[in-house]
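# Coordinate analysis (summary)
Okay, here's what each chain looks like letter by letter:
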Amino acid sequence: MLASSKTIGEKSTTLLVWTAATFIAIPFCWLVGDLLWHGWHHLSLNFVLAVPQNAGREGGIGPILVSTGLIVGVCMAVALPIGVGAALFLSEYTPHDQVSGRLVRGSLDVLAGVPSIIFGLFGNAFFCQTLELGFSILSGGLTLACMVLPILIRTVEESFRAIARDQRLSAAALGLSKKCSIQYILLPAAIPGILVGSILGLGRAMAETAALIFTSGYVDRMPTSLLDSGRALSIHIYDLAMNVAGGNPNAYATALVLVGLLMMINLIASRIAEQWTTKNQLPT
Amino acid sequence: MDNKKSTPDIKPPHELLSGIQSWRPYQSTQPCCEPILHIHAKDLSIRYHQRMALQQVNLAINQGCITALVGPSGCGKTSFLMSINRLTDLIPGCQVSGQLELKGTNILAASANLLQLRRKVGMIFQKPAVFPFSIKRNLEIPLREHGWKDKTTLSSRIESALSQVGLWNEVKDRLDQPAQALSGGQQQRLCLARALVLSPEILLLDEPCSALDPLSSGIVEDLIMDLRGQLTIVIVTHNLAQARRMADHVAVFWSIKGKGQLLEYGPAQSIFDSPQHELTAAYISGARG
Ligand SMILES: Nc1ncnc2c1ncn2[C@@H]1O[C@H](COP(=O)(O)OP(=O)(O)OP(=O)(O)O)[C@@H](O)[C@H]1O
Ligand SMILES: [Mg+2]
């Protein structure tokens, strides 16, 4: 009696899990399938490298890839050190119950939920106008950095906090200074977390449209400096799909490139994180 | 069962057993325990968030002795141990009051140099907490931090510390491999080596054997016994037989109305053979705690 009811319970749980998994998998497969169906035959090496022509209906996305890379590069170069520093500060120097720490964490959680268009407006007002950086890759990258910082900080902070209490106590018990234990024990142990945080941030930055419209602009020429305006992939897709009649095929192809890039980054990062945790060794 | 097949570089069992049989039973005549005062707690109290965990402990521990702290769970043994190297500073809400003197200096004073203190007072925890690096790096990090930079000094200190814990022959060919690949017992010995490599004066051990299998536990116990006389050793254990085998002095802690207290303290033999307090008597006979 008991045994049979348990098997029924187990079976229905299994069924439920599988149904849920299928429901999650279907839209994803559909999306990727749709992109491949419409975009695949437009994709070629030439498309990836060439300059867009006729408002993007023809030609490729070379300069747009470069701009995207630069914007995301600026974003991560700024966000990563600040993010890791802030996370260290929150986890190592402010106890969980202190008011100041709670205040910072609370505001970060609010910031993480702010719609990206608000960041776009803020970026335009602050970076483009107040700091007179204009519509530029630099403005866009800095705006994105503000946007990804909250997620980055919270993820990295969690990974610092997850480091076993024993490890911290052992480090302290050996008379290691705080600097030493951060440098040799905490940072290396948090690398997988930092990677995951960066990937989350990077993904959000690469896929961002609204925050960039008002900050890095629309210009689809090859940028010559960080102060040039540059068009990001997602803006290119948006523009082709919404504003350019007959732009759909290239929009699909560009979307395919974007999704492919995101998947690749995810894959590489999880590989690195995995290797790091299994090997658990510092490169000396 | 077939451990010896799967891990070829471990010593054959008869060798390990012969090691265990060399345990010295407690002998009060053994001269390792000099009557020189090393650790002296005076009215030491420990609170967590204003709640008293350990009340007014007065305890004098002699240099070179092995002192065992025993008592039921939650009576403040770990807290007492961690106040000796002031790890209690790192625990949120923990407050230590009273005096704690090491060779006459009050280490609870605000002016105490914590890094120096912790170099002199090594500590081993219940779960071996090796750092997720290579074996060599585990020992190198503390050495470098405390000013040993010279390559040859480093490697000679590392070799002697690993030999001291009987690990050198087992790991000398794989010093660059991750320490986490070692067995639990080997990891605990590595932790011991990591503490010893800094030449501490005091070694605090918080249930160092309770996460280990009986064989590894015996090896670690043996190693600690070998250090008697060289270092002042304070060990927390729930294993009364172990306390009886190892300790020169025993301190029995007890939690009375939620507050930990020192119930009884004295030479191991008298605690075990003629306990003064009825709770101690019940505890060591296995009736309570
Ligand atoms: N970090 C902490 N925060 C709050 N209370 C604590 C903390 N650590 C210990 N305590 C309390 O202090 C008391 C003593 O704890 P302690 O860990 O020193 O006991 P113990 O004798 O080592 O126990 P065990 O034998 O289980 O290890 C307990 O009542 C415990 O609840
Ligand atoms: Mg304890």
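Keep in mind that what you see is a predicted model, and the values were worked out from it rather than measured.

Within the secondary structure, B:R194 sits in helix α8 (residues 184–196). Summary of buried charges: B:R194 has no salt-bridge partner, and the nearest side chain of opposite charge, A:D166, is 9.4 Å away. In this structure, B:R194 is in contact with A:S170, A:L174, B:A129, B:V130, B:F131, B:N138, B:L139 and B:P142, ignoring residues within four places of it in sequence.

So, about helix α3 (residues 77–84) of chain B. Residues and elements named next belong to chain B. Most of α3 sits inside the fold, with seven of its eight residues counted as buried. Among all positions in α3, only K77, S79, F80, L81, M82, S83 and I84 are buried. Two residues or fewer past α3, R86 is found with a positive phi of approximately 55 degrees.

The next subject is the site of ligand 1. Residues and elements named next belong to chain B. S73, K77, T78, S79 and H238 are the nearest of the 13 residues found near ligand 1. The contact in question runs from an oxygen atom of ligand 1 to an N or O atom on the side chain of T78, over 2.5 Å. In this structure, H238 approaches ligand 1 through a side-chain N or O atom, which is 2.8 Å from an oxygen atom. In isolation ligand 1 has 630 Å² of accessible area, and contact with the protein removes 67% of it.

For the rest of this paragraph, the subject is the interface of chain B and chain A. Contact residues are listed per partner, giving 29 residues for chain B and 21 residues for chain A. Summing both partners gives a buried area of about 2,200 Å² for chain B against chain A, and 64% of it is carried by carbon and sulfur. The tally of links from chain B across to chain A stands at zero salt bridges. Connecting chain B to chain A are four residue pairs in polar contact (both at pLDDT 80 or more). Of all elements in the fold, only α4 (114–120), β6 (121–124), α5 (135–145) and α8 of chain B reach the threshold of two or more residues within the side of chain B that touches chain A. Its residues placed into classes, the side of chain B that touches chain A shows 18 nonpolar, four polar and seven charged.

Time to look at the nonpolar core. Counting residues in hydrophobic clusters, the biggest one holds 61 residues, and the most contacted among them are B:L162, B:L190, B:L192, B:L203, B:L205, B:I233 and B:V250. The leading source of residues in this core is α8(B), at six residues. In this structure, A:A87, A:L212, A:A255 and A:A269 belong to the second largest nonpolar core, which totals 48 residues.

What follows deals with the pairing of strand β2 (residues 51–62) of chain B. Residue and element names in this part refer to chain B. Judged from the eight bridges that link them, strand β1 (residues 37–48) and β2 form a sheet pairing that is antiparallel. Bridging across to β2, A41 finds its partner in L59. Taking the residues between adjacent antiparallel strands as the criterion, β1 and β2 are bridged by two residues, where H49 takes a positive phi near 50 degrees.

Residues and elements named next belong to chain B. By secondary structure assignment, the location of L227 is in the loop between α9 (214–226) and β8 (232–236). A C-alpha to C-alpha distance of 9.4 Å links L227 and C65, two positions 162 residues apart in sequence. Dropping the residues within four chain positions of it, L227 is found in contact with Q164, L196, L203 and I233.

Residue and element names in this part refer to chain A. The terminal C-alpha atoms of helix α4 (residues 99–112) lie 20 Å apart, and with 14 residues this matches the ideal 20 Å at 1.5 Å per residue to within 8%. Three or more residues of α4 are buried, namely G101, R105 and L108. All buried residues of α4 fall inside an arc of 60 degrees around its axis, so they share one side. Relative to its buried face, α4 has exposed residues pointing more than 90 degrees away, namely V99, R102, L103 and V110. Those residues of α4 hidden inside the fold are in contact with α3 (62–93) and α6 (137–161).

The grouping of A:V66, A:L70, A:M222 and A:L226 at the surface amounts to a nonpolar patch, some 300 Å² of accessible area in total. Given a relative accessible area of 36%, A:L226 falls into the partly exposed group.

Turning to the domain arrangement of chain A, a few remarks are in order. All names here are of chain A. Considered domain by domain, chain A is made up of domain 1 (2–42) and domain 2 (45–279). With centres defined by C-alpha atoms, the gap from domain 1 to domain 2 works out at 30 Å. On the side of domain 2, nine residues touch domain 1, which itself brings eight residues to the contact. For the pair domain 1 and domain 2, the summed buried area comes to about 750 Å², and 81% of that belongs to carbon and sulfur atoms. Taken together, domain 1 and domain 2 are joined by zero salt bridges. Joining domain 1 to domain 2, the criterion identifies one residue pair in polar contact (both at pLDDT 80 or more). For the side of domain 1 that touches domain 2, the class distribution of residues is four nonpolar, three polar and one charged.

What follows deals with the packing of α6(A) against helix α8 (residues 178–206) of chain A. Residue and element names in this part refer to chain A. At their nearest, the axes of α6 and α8 sit 8 Å apart, and the two run at 150 degrees to each other. One finds that α6 runs roughly antiparallel with respect to α8. For α6 against α8, the interelement crossing comes out right-handed. Note on element contacts: α8 touches α6 through L186, L187, A190, G193, I194, V196, G197, S198, L200, G201, R204 and A205, opposite L144, M147, V148, I151, L152, T155, V156, S159 and F160. Looking at the contact of α6 with α8 residue by residue, the class counts come to 14 nonpolar, six polar and one charged.

Our next topic: the packing of aromatic side chains. Residues and elements named next belong to chain B. Under the criterion given, the structure shown has seven aromatic pairs over all chains. Taking 5.7 Å as the distance between ring centres and 45 degrees as the angle between the ring planes, the aromatic pair formed by F80 and F253 counts as tilted. Taken together, the residues span a long stretch of sequence, with F80 in helix α3 and F253 in strand β9 (residues 249–256) at a distance of 173 residues. Of the two residues examined, F80 and F253, each falls in the buried class. Geometrically, the ring pair formed by W254 and Y283 is edge-to-face, given 5.5 Å between the ring centres and 90 degrees between the ring planes.

This paragraph deals with the packing of α8(B) against α9(B). All names here are of chain B. The N-to-C vectors of α8 and α9 enclose an angle of 15 degrees; their axes lie 9 Å apart at closest approach. When the interaxial angle is binned, α8 and α9 end up roughly parallel. Crossing of α8 over α9 shows right-handed handedness. The residues of α9 that touch α8, namely those facing G185, Q188, R189 and L192, are S216, I219, V220 and L223. For the contact of α8 with α9, a count of residues per class yields four nonpolar, three polar and one charged.

Conventions and cut-offs
- Residues numbered from 1 in each chain as written.
- Chains lettered and ligands numbered in written order.
- Predicted model: local features only at pLDDT ≥ 70, side-chain atom pairs only at ≥ 80, totals over all residues.
- Heavy atoms only, no water.
- Helix = DSSP H or I, 4+ residues; strand = E, 2+ residues; numbered from the N terminus.
- Buried < 20%, exposed > 50% of the residue type's maximum accessible area, 1.4 Å probe, protein only.
- Lys, Arg positive; Asp, Glu negative; His and termini not counted.
- Salt bridge = Lys/Arg side-chain N within 4 Å of Asp/Glu carboxyl O.
- Contact = heavy atoms within 4.5 Å.
- Near = heavy atom within 4 Å.
- Polar contact = N/O pair within 3.5 Å; in protein donor to acceptor, adjacent residues only side chain to side chain.
- Areas by Shrake-Rupley, 256 points an atom, 1.4 Å probe, with all protein chains shown as cover.
- Buried area = accessible area lost by both parts, 1.4 Å probe.
- Nonpolar A, V, L, I, M, F, W, Y, C, P; charged D, E, K, R; others polar.
- Core = buried A, V, L, I, M, F, W, Y, C linked by side-chain atoms within 4.5 Å.
- Pairing = 2+ DSSP bridges.
- Expected span 1.5 Å × (residues − 1).
- Arc of directions from axis to C-beta.
- Patch = residues over 30% accessible without salt bridge, like charges linked within 9 Å, V, L, I, M, F, W, Y side chains within 5 Å.
- Domains from an automatic or database assignment.
- Axes fitted to C-alpha atoms, helices over the stretch in contact; angles between N-to-C directions.
- Parallel < 35°, antiparallel > 145°, perpendicular 65-115°, else oblique.
- Left-handed = near helix turned anticlockwise from the far one by under 90°.
- Phe/Tyr/Trp six-rings, centres within 6.5 Å; stacked < 30°, edge-to-face > 60°.

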